[in-house]
Amino acid sequence: MTIRIYCERCGFIFYRGDELTNPQEIIKKYGGKCPRCYKPLQLNPKNIKIMGVEEGK
Ligand SMILES: [Zn+2]
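Thresholds, definitions, all that
- Residues numbered from 1 in each chain as written.
- Predicted model: local features only at pLDDT ≥ 70, side-chain atom pairs only at ≥ 80, totals over all residues.
- Heavy atoms only, no water.
- Phe/Tyr/Trp six-rings, centres within 6.5 Å; stacked < 30°, edge-to-face > 60°.
- Helix = DSSP H or I, 4+ residues; strand = E, 2+ residues; numbered from the N terminus.
- Buried < 20%, exposed > 50% of the residue type's maximum accessible area, 1.4 Å probe, protein only.
- Donors = N, O, S within 2.8 Å, 3.2 Å for Na, K, Ca; no water.
- Tetrahedral: all angles 85-135°; square planar, octahedral: opposite > 155°, others 65-115°.
- Pairing = 2+ DSSP bridges.

Regarding the packing of aromatic side chains
Using the criterion set out here, one finds three aromatic pairs in the structure. A centroid spacing of 5.9 Å and a plane angle of 80° characterise the contact between F12 and Y30, whose relative ring orientation is edge-to-face. Linking F12 in the loop between β1 (3–6) and β2 (13–17) with Y30 in the loop between α1 (23–29) and β3 (43–44), this pair joins segments that are 18 residues apart in sequence. Where F14 meets Y30, the ring centres are 4.9 Å apart and the plane angle is 75°; that geometry is what we call edge-to-face. Here F14, found in strand β2, pairs with Y30, found in the loop between α1 and β3; they are 16 residues apart in sequence, far enough to count as distant. Of the residues examined, F14 reaches a relative accessible area of 8% and is grouped as buried. Y30 sits in the partly exposed class, given a relative accessible area of 24%. Grouped by ring-pair contacts, the aromatic residues F12, F14 and Y30 constitute a single cluster.

Here it is as structure tokens:
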């Protein structure tokens, strides 16, 4: 299982990998917003994604 955490607006990838990571740590690392489009980050715990959108949609 590959985990992706990315911005749904611009597609900026915050994290991608097989290891389960803590999304809250990533959000904090980036100061709570996307560095590319400045969209505020919101955690979606169900999908382990930030404002997740399924790949291949
Ligand atoms: Zn963005």
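Next comes the rest of the description.
Brief notes about the coordination of the zinc ion
For the zinc ion, the full set of protein donor atoms is C7 (SG), C10 (SG), C34 (SG) and C37 (SG), and the range of their distances to it is 2.3 to 2.4 Å. Relative to the metal, the four donor atoms surrounding the zinc ion lie at angles of 100 to 115°, and the coordination shape comes out tetrahedral. Using a relative accessible area of 26% as the deciding quantity, one classes C10 as partly exposed.

Describing the pairing of β2
Looking down a regular strand, the side chains alternate between one sheet face and the other. Sheet topology note: the β1/β2 ladder contains four bridges and is antiparallel. Each residue of the ladder has a partner; that of I3, found in β2, is G17. Two successive antiparallel strands, β1 and β2, enclose a turn made up of six residues, where G11 displays a positive phi of approximately 85°.

Shape is all these values report; function is a separate question.
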